[in-house]
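Chain residues, written in single-letter form:
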Amino acid sequence: MYSKVVVPLDGSELSERSLPYARLVAGALSVPIDLVEAFDVLPAAVHDHLAVVATQRMLEEAQSRTDNYLGRVRADLRDMGYMATATTLPGAPAQAIVDWVADDPDALVVMSTHGRGGIARWALGSVADKVLHAIPNPMLLVRGAAANPLEDGGPRAILAPLDGSTLSELSLEHAATMATALKTRIVLMRVNPDAAVYRDYLSPGRGGASGARDADWAAVEELIQNELTDTRDSLDRSANRLTGEFGFVNDVVTLPVESRNVAEAIAEAAASEGAMVVMTTHGRSGINRLVMGSVTDRVVRHSDLPVLVVRQAETPSAATLEQRVTETGQQEFGGAAPQPA
């Protein structure tokens, strides 16, 4: 499914926290690792014309340092038996990385969310955020505080949060690929509001019904039970897709959860399972569109566990969304129409 694993680095120890995950995935899937580092200095245009030569010398020295650093990391990977290449990218780091992976949508980007800043070293947290919002590629984000996955044998599960929509199920193939490669199970999770959320909404003065009666609570309980039934049916259909459409043969567990904080519930479940999270995000691509504001974004920022983000590069057409159930009772995703810019 993935053509290669692209690992952006910045020369810092924190940025190298992504390397164990890159090795884990590349080794399991037998794909090469492509190391990249961008280097940038103040452009000559900000100096007077006498500084052009000095600026050029700074660029050459920066490239030399980058070449030497990536060469050492590549040599270490090759000594471990991995196929590895190294490429230096001149220019602003985020844009350079985005441009580098643009020609290969099947490349998996594995990147730490923290690095060190400075004129010659980029703040990897900021760069990772920009890259995440700009590329259509799947991206595995590793928090700087994350433990080395090779110390305990790797993730014990793949956690795939779903919301009942066809779009959220774009993560299923990626979850199946990762879980198969890592020889682990998949936990399909869906988070619904708890009873307190509905009661708060129906309480007078809370923006809902102006005078909820005691009898209304019975209707709330019925609504919750109906939603739970729908959740279980939806998760079962997704489990059937994993075993049928994607040929997944390991264990699949369904996990319906009630909570008023979806991101927190996902992070807690992932920590409990020792899982890698695989989930979709909704947002338009483009280097300047950086506001995700989604559950995925909050999980990425507040969980110390690795999160594989599957970008919603395309939106299914209306006709596809209407085709919810196949003859076998499985939900499926058909054709797609490009998402407007």
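Basis of the calculations
- Residues numbered from 1 in each chain as written.
- Predicted model: local features only at pLDDT ≥ 70, side-chain atom pairs only at ≥ 80, totals over all residues.
- Heavy atoms only, no water.
- Pairing = 2+ DSSP bridges.
- Helix = DSSP H or I, 4+ residues; strand = E, 2+ residues; numbered from the N terminus.
- Axes fitted to C-alpha atoms, helices over the stretch in contact; angles between N-to-C directions.
- Contact = heavy atoms within 4.5 Å.
- Salt bridge = Lys/Arg side-chain N within 4 Å of Asp/Glu carboxyl O.

Caption draft 1: Main features of the sheet that holds strand 2 (residues 33–39). One open sheet holds the 10 strands; their spatial order is 3-2-1-4-5-10-9-6-7-8, and the pairing between them is mixed. Either end of the sheet is taken by a strand with one partner, and the two such strands are strand 3 (84–90) and strand 8 (252–258). The mean inter-strand angle of the sheet, taken between neighbouring strand axes irrespective of direction, is 25°. Both strand 9 (residues 275–281) and strand 10 (residues 307–311) contribute to a ladder of 5 bridges, which runs parallel. The partner of valine 277 across the bridge, within strand 10, is valine 307. Helix-sheet contacts for helix 1 (residues 19–29) involve strand 1 (5–8), strand 2, strand 4 (108–112) and strand 5 (139–142), and the interaxial angle to strand 1 is about 170°. Helix 8 (residues 262–273) contacts strand 6 (157–162), strand 7 (185–192), strand 8 and strand 9 of the sheet and is inclined by roughly 155° relative to strand 7.

Caption draft 2: Highlighting the pattern of salt bridges. Enumeration according to the criterion identifies 5 salt bridges in this entry. Its salt-bridge partner being arginine 190, residue aspartate 230 comes within 3.4 Å of it at the nearest N-O pair. Residue aspartate 230 is located in helix 7 (residues 214–244), and its partner arginine 190 is located in strand 7; the two are separated by 40 residues in the primary sequence.

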